[in-house]
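Chain by chain, the residues run as shown.
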Amino acid sequence: MKRLALATAALLLSISGTALAGVVHVSGHGQSYDPGIALEDARADAIGQCQAQGGTPIAEVYSHVTRANLWLADSIWSCEVP
C-alpha cells in the first residue's frame, strides 16, 4: 500500500510539473548595413531572451526586415518556459 501511495505521489508530481510549463513569445531586434546580419542579430537577440528566462526556443513565428538608413530586423519566437 505504501508503494502505491509513493508511486501515485510521484506520478502527480510529474504531471503537475508538466502542467506548469508554458509557451511565451519573445522578440528580438537587430540592425546592420547588411540585411542578413540584421536578421541574424534579431534572431540571436530573441533566442537569448528566451534562454535568459530558462526556456527553450521552439520556432520562429515572424520575422521582418526593413530598409531605413540601416537594415532593421525583427524576429518573434515562441519559447517554452518552465
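Look up: the structure comes first, before these words.
First, a word on scope: everything that follows refers to the structure included in this document. (Residues numbered from 1 in each chain as written. Predicted model: local features only at pLDDT ≥ 70, side-chain atom pairs only at ≥ 80, totals over all residues. Heavy atoms only, no water.)

### Thoughts on the pattern of salt bridges
Two side chains carrying opposite charge are able to pair once their charged atoms lie near each other.
Piece 1. Scanning the entire structure with this criterion turns up 1 salt bridge.
Piece 2. Put simply, E60 and R43 hold a salt bridge, and the shortest N to O gap is 3.0 Å. Taken as a pair, E60 in strand β2 (residues 56–67) and R43 in helix α2 (residues 35–52) lie far apart in primary sequence, 17 residues in all. (Salt bridge = Lys/Arg side-chain N within 4 Å of Asp/Glu carboxyl O. Helix = DSSP H or I, 4+ residues; strand = E, 2+ residues; numbered from the N terminus.)

### Observations concerning the nonpolar core
Piece 1. Core analysis: the biggest nonpolar cluster contains 6 residues, these being V26, A46, C50, W77, C79 and V81.
Piece 2. Going through the elements one at a time, α2 and β3 (71–81) are the ones with two or more residues in this core.
Piece 3. Ranked by residues supplied to this core, first place goes to β3 with 3 residues.
Piece 4. Excluding anything up to four places from it in sequence, C50 contacts V26, G55, T56, P57 and C79. (Core = buried A, V, L, I, M, F, W, Y, C linked by side-chain atoms within 4.5 Å. Buried < 20%, exposed > 50% of the residue type's maximum accessible area, 1.4 Å probe, protein only. Contact = heavy atoms within 4.5 Å.)

### Details of the state of the cysteines
Piece 1. By the definition in use, this model includes 1 disulfide.
Piece 2. Paired by a disulfide, C50 and C79 hold their sulfur atoms 1.9 Å apart. Here C50 and C79 share a disulfide; its torsion about the S-S bond, 80°, makes the bridge right-handed. Note that C50 is positioned in helix α2 and C79 in strand β3, a separation of 29 residues in sequence. (Disulfide = S-S within 2.5 Å.)

### Here we look at the sheet that holds β3
Piece 1. Strand order in the open sheet formed by 3 strands is β1-β3-β2, and the pairing between neighbours is antiparallel. Of all the strands in the sheet, the pair left with one neighbour each is β1 (22–32) and β2. Strand after strand, the sheet turns through a mean of 15° between neighbouring axes, direction not considered.
Piece 2. Two elements, β1 and β3, share 11 bridges in a ladder whose sense is antiparallel. Looking at β3, one finds that H25 is bridged to S78.
Piece 3. This element, α2, spans β1, β2 and β3 of the sheet and lies at about 145° to β1. (Pairing = 2+ DSSP bridges. Axes fitted to C-alpha atoms, helices over the stretch in contact; angles between N-to-C directions.)

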